[in-house]
Amino acid sequence: MPWNGATLILPRGDAETGTKNWELRRVPLIPDARTLFERMRSERPGEPLDAKVFRVAECQKSLDRVAKKVGMDRITHHDLRHLFATRCIESGVDIPTVSRWLGHKDGGALAMKTYGHLRREHSIAQAQRVTFSPVPTKRADVIAFPVTA
């Protein structure tokens, strides 16, 4: 995945690493991802800046090795995509935006169906935000305008 520091650029047209719909897609770079990518780049100082950050086969081998080492089930790229979408939704990113980031063209219907489930902890935290009480406003938050006839 090439990157320009602010946007991930998902390539088109490569059967192994390109987008499924063969269209170039740009996704805003999440701050934690930027930190990770900058660290990865610093560990490969001789590599050109337009080189791919992740190589699919290398990533899967690393994931397989780590899963085996800690005794857990195998994790795939699709599992990471699912985790990404779920965490975005739980972080408050709206479904249509997550859908566009994933490359869906249906306005969010598939994302809602596939990724709209939430973890129990998130559901409980969101329930605590719901209130039917009037929301008090501080006097400093209200600007009085003169009444004109």
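Each value, and the rule that gives it
Residues numbered from 1 in each chain as written. Predicted model: local features only at pLDDT ≥ 70, side-chain atom pairs only at ≥ 80, totals over all residues. Heavy atoms only, no water. Helix = DSSP H or I, 4+ residues; strand = E, 2+ residues; numbered from the N terminus. Contact = heavy atoms within 4.5 Å. Core = buried A, V, L, I, M, F, W, Y, C linked by side-chain atoms within 4.5 Å. Buried < 20%, exposed > 50% of the residue type's maximum accessible area, 1.4 Å probe, protein only. Salt bridge = Lys/Arg side-chain N within 4 Å of Asp/Glu carboxyl O. Patch = residues over 30% accessible without salt bridge, like charges linked within 9 Å, V, L, I, M, F, W, Y side chains within 5 Å. Areas by Shrake-Rupley, 256 points an atom, 1.4 Å probe, with all protein chains shown as cover. pLDDT = per-residue confidence, 0-100. Pairing = 2+ DSSP bridges. Phe/Tyr/Trp six-rings, centres within 6.5 Å; stacked < 30°, edge-to-face > 60°.

As a further point, take the overall build of the protein chain. Helix and strand counts for the protein chain stand at six helices and two strands. Counted from the first residue to the last, the protein chain has its helices and strands arranged as β-β-α-α-α-α-α-α. Considering only intrachain contacts with a sequence separation of at least 6, the fraction spanning at least 24 residues in the protein chain is 35%.

Once that is clear, we can look at the nonpolar core. Ranked by size, the top nonpolar core spans 16 residues in total, and within it Phe37, Val98 and Tyr115 carry the most contacts. Contributing elements (two or more residues each) for this core: strand E1 (7–10), helix H1 (31–42), helix H3 (77–90), helix H4 (95–102) and helix H5 (109–115). Considering every element that reaches this core, the biggest residue donor is H4, with four residues. Once residues lying within four places of it in the same chain are set aside, the contact partners of Val98 are Ala85, Cys88, Ile89 and Val93.

Tallied over the full model, the rule gives six salt bridges. The residue Arg34 makes a salt bridge to Glu38 at a minimum N-O spacing of 3.0 Å. Taken together, the positions of Arg34 and Glu38, both in helix H1 and four residues apart, correspond to about one turn of that helix. Classification of Glu38 by relative accessible area gives partly exposed; the value is 39%. Ionic pairing is found between Glu47 and Arg44, a salt bridge with its closest N-O pair at 3.2 Å.

On the surface, Val66, Val70 and Met72 cluster together into a nonpolar patch covering about 280 Å² of accessible area. Here Val70 is to be found in helix H2 (residues 56–70). A relative accessible area of 56% means that Val70 is categorised as exposed.

Within H4, six of the eight residues are buried, leaving the element largely enclosed by the surrounding structure. If you check which residues of H4 are buried, you get Ile95, Thr97, Val98, Ser99, Trp101 and Leu102. Looking at the buried positions of H4, the neighbouring elements they touch are strand E2 (25–28), H3 and H5. Gly103 occupies a position one or two residues after H4 and carries a positive phi of about 90°.

On average, residues of the protein chain carry a pLDDT of 78, and 78% of them reach 70 or more. Here E1 stands out as the least confident element of the protein chain, with mean pLDDT 72; H4 is the most confident, with 88.

Successive side chains on a regular strand alternate, one facing one side of the sheet and the next facing the other. Alternating residues of E2 divide into Arg25 and Val27, all buried, and Arg26 and Pro28, none buried. Taken together, the four bridges between E1 and E2 define a ladder with antiparallel strand orientation. Bridging from a neighbouring strand, Ile9 pairs with Arg26 of E2.

A few words on the packing of aromatic side chains. Throughout the structure, instances matching the rule amount to one aromatic pair. Pairing Phe84 with Trp101 gives two aromatic rings, centres 6.3 Å apart and planes at 40°, and the pair type is tilted. Separated by 17 residues along the polypeptide, Phe84 in helix H3 and Trp101 in helix H4 bring together distant segments of the chain. Of the residues examined, Phe84 reaches a relative accessible area of 28% and is grouped as partly exposed.

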